[in-house]
Amino acid sequence: MSEIKIIITGTPGAGKTTAIAAISETPPVRTDTATTDELSEVKEQTTVAMDFGELTLEDDQKVFLYGTPGQRRFEFMWKILVQGGLGLIILVDCTREDPLADMKMYLENFSDFIAETGAVIGLVKRDMTDTPPLDEFYQALNQQGLMFPVFEVDVREQGDVALMIDALVSLLEYS
Amino acid sequence: MKYLSSIGLSVKDENVLKSLIDLLGARMSEEWHYRDDVPADALLLDVDNPDAIATWKMRPETARRNTIAYSNSEPGFALTRRLAKPLRAAELIAVLKDIEQANDELAVPVVGSEATEVTTLADCVDRQGNGVMRLACGDREVVIDRSRQQFCSSESGESLAALLTLPLPEYQISTGADVRLPSEASVRWQDQKAVLWLVGQCGSHGKLLDGVDRNGLFRLNRWPGFGPVRPSHTVLSLCSLLSRKSAMGIADMREATGLPEFDIIAFINAAFLTGILDIQSGDVARPETGAAKPEVSTERKGLLAKIRSRLANPRT
Ligand SMILES: Nc1nc2c(ncn2[C@@H]2O[C@H](COP(=O)(O)OP(=O)(O)OP(=O)(O)O)[C@@H](O)[C@H]2O)c(=O)[nH]1
Ligand SMILES: [Mg+2]
């Protein structure tokens, strides 16, 4: 049986590694490295290959959680990573300049995969800003003929990460 | 014998109205009395008073028949009968005669037959419109301020849900100016969506809201914000189902999920109350659902159920 995996993507610093750490049974296998370029002012570590965590089901089957590297120069890896994946979680960092554009970029880049599976949007760092309003994300989705759940989450909280996976699983079954 | 009642009038207006009624006498074909304690044949509503409108909206349909909008200027409120302030005998007589006549034309009065009564908390909150409303049971309470889109409660989480599950007669309900607000310092106001969602989920008792067409086709325009209460599998399934491109009827929803209608109605009401539900008339030609995704295999369903079960049992 092929590997069961859920993919988590988002801009650098959105919280992919944090989300996986919050829910994975094993500490995420980090492939982080010290940041060198413009990102270094913001973050000390960034993920260069991928993060990886796991959940064990009742019959010992495993579900793997993969975080894509955030930086766009790793875009070539995204398509490889999603092959055979169950679905996508897109984390949108609302403290960035244009979070709506970020979301659209990921929806576009993963459009084939999303069309076959499904996606959940997690808005992060809402404690730091309440813009753009939630409605604008739904409008942006609607413009692309999409209807996915958009949740305001704190990826440091296991319950919030579980909600996103739970919603994704329901989408796969019923939408 | 006919009865007139009023909602939201100033003390002065109410006194004027009562004395005018006493003076009508022979000028009317029937005898009119001012009474608040019996079902009224005509109701004067001060539409310049938002709290009065809120109270009025909660009255059952039967009690809202023959409402006369009483206002300073042209009311932004669609009622066929109106009286301008201040009250004048001639105008009052004209409008009451009109009501007498309209009632005569109805061979059999419809009172109580087709008209729907407010029987659930969800109905009651839905009808309340834009004012303030307080629900209390013993020392537990919820205050919902629809105009400021917020609520506060002595309860939270599961105990709030439990409070909203009671049958309607168990609550003491006050609205508008009658609501004693908790002192500002002691309460935490929260977004009303959370409580409206719970009112729909817990306070529907299997009855679809009046504004919702039983044969309609439903679709979500967004997902609910769940707040601190983790949504059930039922709720997530229905959210997913109503995220599809084509809207769905209640029967389709039952078939797709195997859920009881009771749960589906609770969900639809909750979505309606929180403003995330789009309703299309079920009469229009059904869109072709030909492009639907293939059935999810049993094996796949099994896997998804296992993931769900794992998420419900977090390991620390
Ligand atoms: N204030 C606040 N901080 C958050 C929130 N969510 C995540 N963070 C912080 O944001 C940072 C996210 O960092 P990572 O998890 O490394 O982000 P990443 O997506 O893996 O980034 P790359 O690997 O560089 O692509 C961490 O320091 C988190 O603690 C939030 O909701 N509020
Ligand atoms: Mg990372």
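The numbering scheme is per chain: residues are counted from 1 as the chain's sequence reads. Just so you know, chain letters begin at A and ligand numbers begin at 1, following the order they were written in. Totals for whole chains, interfaces and linings use all residues, but because this is a predicted model, local features are given only for residues with pLDDT of at least 70 and pairs of side-chain atoms are given and counted only at 80 or more. For side-chain calculations, the full set of non-hydrogen atoms in the structure is used, while hydrogens and water are omitted.

(A) Spotlight on the domain arrangement of chain B. Partitioning chain B into domains gives domain 1 (2-105), domain 2 (121-202) and domain 3 (217-280). Residue ranges for the domains trace back to a domain assignment, done automatically or taken from a database. Relative placement of domain 1 of chain B and domain 3 of chain B: their C-alpha centres are 41 Å apart.

(B) Representation of the pattern of salt bridges. Each reported salt bridge corresponds to a side-chain nitrogen of Lys or Arg within 4 Å of a carboxyl oxygen of Asp or Glu. Evaluation of the coordinates by the stated rule reveals 25 salt bridges over all chains. For Arg-156 of chain A, the salt bridge identified is with Asp-154 of chain A, shortest N-O distance 2.9 Å. Only protein chains enter the accessibility calculation, which uses a 1.4 Å probe; a residue whose area is less than 20% of its type maximum is buried, one above 50% is exposed, and one in between is partly exposed. Using a relative accessible area of 56% as the deciding quantity, one classes Arg-156 of chain A as exposed. A relative accessible area of 23% means that Asp-154 of chain A is categorised as partly exposed. Taking the shortest distance from any N to any O, the salt bridge between Asp-145 of chain B and Arg-148 of chain B comes out at 3.8 Å.

(C) View of the pairing of strand β1 (residues 2-7) of chain B. Residues and elements named next belong to chain B. Helix numbers and strand numbers start at the N terminus; a helix is a DSSP run of H or I with at least 4 residues, a strand a run of E with at least 2. Judged by how many residues are buried, β1 sits mostly within the fold: six of six residues are covered. Residues Lys-2, Leu-4 and Ser-6 line one face of β1 and the alternating positions Tyr-3, Ser-5 and Ile-7 line the opposite face, and both faces are buried. By the bridge criterion, three bridges tie β1 to strand β2 (residues 32-34) in an arrangement that is parallel. Residue Lys-2 lies in a different strand from β2, and its bridge partner there is Trp-32. Taking the sense of rotation as the criterion, the β-α-β connection linking β1, helix α1 (residues 11-24) and β2 turns out right-handed. Sheet topology places β1 next to strand β3 (residues 42-46); four bridges connect them, and they run parallel. Counterpart to Ser-5 in the pairing with β3 is Leu-43. For two strands to be treated as a pair, DSSP must find no fewer than two bridges joining them. Consider the strands pointing away from the viewer: the crossover is right-handed when the path from the first strand over the helix to the second runs clockwise.

(D) Summary view of the sheet that holds strand β6 (residues 132-137) of chain B. Residue and element names in this part refer to chain B. Strand order in the open sheet made by the five strands is β9-β6-β7-β8-β10, with antiparallel pairing throughout. The two strands at the open ends of the sheet, each matched to only one other strand, are β9 (172-175) and β10 (190-191). Here β6 runs beside strand β7 (residues 140-145); their pairing, made up of six bridges, is antiparallel. Counted as the bridge partner of Ala-136 is Glu-141 from β7.

(E) Structural detail: the side chain of Arg-134 of chain B. All names here are of chain B. Mapped onto the elements, Arg-134 comes out in strand β6. For Arg-134, a relative accessible area of 19% puts it in the buried group. There is a polar contact of 2.6 Å between the side chain of Arg-134 and the side chain of Glu-141. For the purposes of these results, a polar contact is taken to be a pair of N or O atoms within 3.5 Å, where, inside protein, one atom must be able to donate a hydrogen and its partner to accept one; residues adjacent in sequence count only when each atom of the pair is a side-chain atom.

(F) Summary view of the nonpolar core. Put simply, buried Ala, Val, Leu, Ile, Met, Phe, Trp, Tyr and Cys residues joined by side-chain atoms within 4.5 Å make one nonpolar core. Membership of the largest hydrophobic core comes to 115 residues, with the highest contact counts inside it found for Ile-165 of chain A together with Leu-164 and Trp-223 of chain B. It is helix α6 (residues 158-174) of chain A that contributes the most residues to this core, 11 residues altogether. Two domains each put at least three residues into this core: domain 2 (121-202) and domain 3 (217-280) of chain B. Pairs of residues are marked as contacts when any of their non-hydrogen atoms sit within 4.5 Å. What Trp-223 of chain B contacts, discounting residues up to four positions off in sequence, is Tyr-138, Met-147, Phe-148, Pro-149, Phe-151, Ala-167 and Leu-171 of chain A together with Leu-236, Cys-239, Ser-240, Ser-243 and Ile-276 of chain B.

(G) Up close: the interface of chain B and chain A. Listed per partner, the contact involves 34 residues of chain B and 36 residues of chain A. Contact with chain A buries area across many residues of chain B, yet Arg-222, Trp-223 and Lys-306 of chain B alone supply 19% of it, more than any other trio. In this structure, the connection of chain B to chain A is made through five salt bridges. The shortest N-O distance in the salt bridge between Glu-173 of chain A and Lys-301 of chain B comes to 3.9 Å. The tally of links from chain B across to chain A stands at 12 residue pairs in polar contact (both at pLDDT 80 or more). Mapped onto the side of chain B that touches chain A, the elements with two or more residues apiece are β11 (217-220), α8 (233-241), α9 (250-257) and α11 (298-312) of chain B. It is α11 of chain B that provides the largest number of residues to the side of chain B that touches chain A, a total of 11 residues. Classes in brief: Ala, Val, Leu, Ile, Met, Phe, Trp, Tyr, Cys and Pro nonpolar; Asp, Glu, Lys and Arg charged; the others, Gly included, polar. Its residues assigned to classes, the side of chain B that touches chain A shows 14 nonpolar, seven polar and 13 charged. By buried area we mean the combined loss of accessible area, with a 1.4 Å probe, across both parts when two parts are placed together.

(H) Molecular detail of the sheet that holds β1 of chain B. Residue and element names in this part refer to chain B. Taken in spatial order, the five strands of this open sheet run β2-β1-β3-β4-β5, and their pairing is parallel. Only two strands of the sheet have a single neighbouring strand rather than two, namely β2 and β5 (81-84). The average angle at which neighbouring strand axes cross in this sheet is 25°, direction not considered. The sheet strands contacting α1 are β1, β2, β3 and β4 (67-71), and the helix crosses β2 at an angle near 155°. Along the sheet, helix α2 (residues 50-58) makes contact with β1, β3 and β4, crossing β3 at roughly 145°. Lines fitted to C-alpha atoms define the axes here, with helix axes fitted over just the stretch in contact, and angles between the N-to-C directions of these axes take values from 0 to 180 degrees.

(I) The packing of aromatic side chains, seen in detail. Think of it this way: a Phe, Tyr or Trp ring, Trp meaning its six-membered ring, pairs with another when their centres are within 6.5 Å, and the plane angle makes it stacked under 30 degrees, edge-to-face over 60, tilted otherwise. Under the criterion given, the structure shown has nine aromatic pairs over all chains. Centre to centre, the rings of Phe-151 of chain A and Phe-226 of chain B are 5.9 Å apart; their planes meet at 50°, and the pair counts as tilted. Of the two residues, Phe-151 of chain A sits in strand β8 (residues 150-152) while Phe-226 of chain B sits in the loop between β11 and α8, which places them in two different chains. Each member of the pair, Phe-151 of chain A together with Phe-226 of chain B, is buried. Taken together, the ring pairs in this structure connect Phe-151 of chain A together with Trp-197, Trp-223, Phe-226 and Phe-267 of chain B into an aromatic cluster. Geometry around Tyr-66 of chain A places Lys-5 of chain A over its ring, the cationic atom sitting 5.5 Å from the centre. Criterion for a charge above a ring: Arg CZ or Lys NZ at most 6 Å from the ring centre, at most 35 degrees from the ring normal. Here Arg-148 of chain B stacks its cationic end above the ring of Trp-189 of chain B, 5.9 Å away from the centre of that ring.

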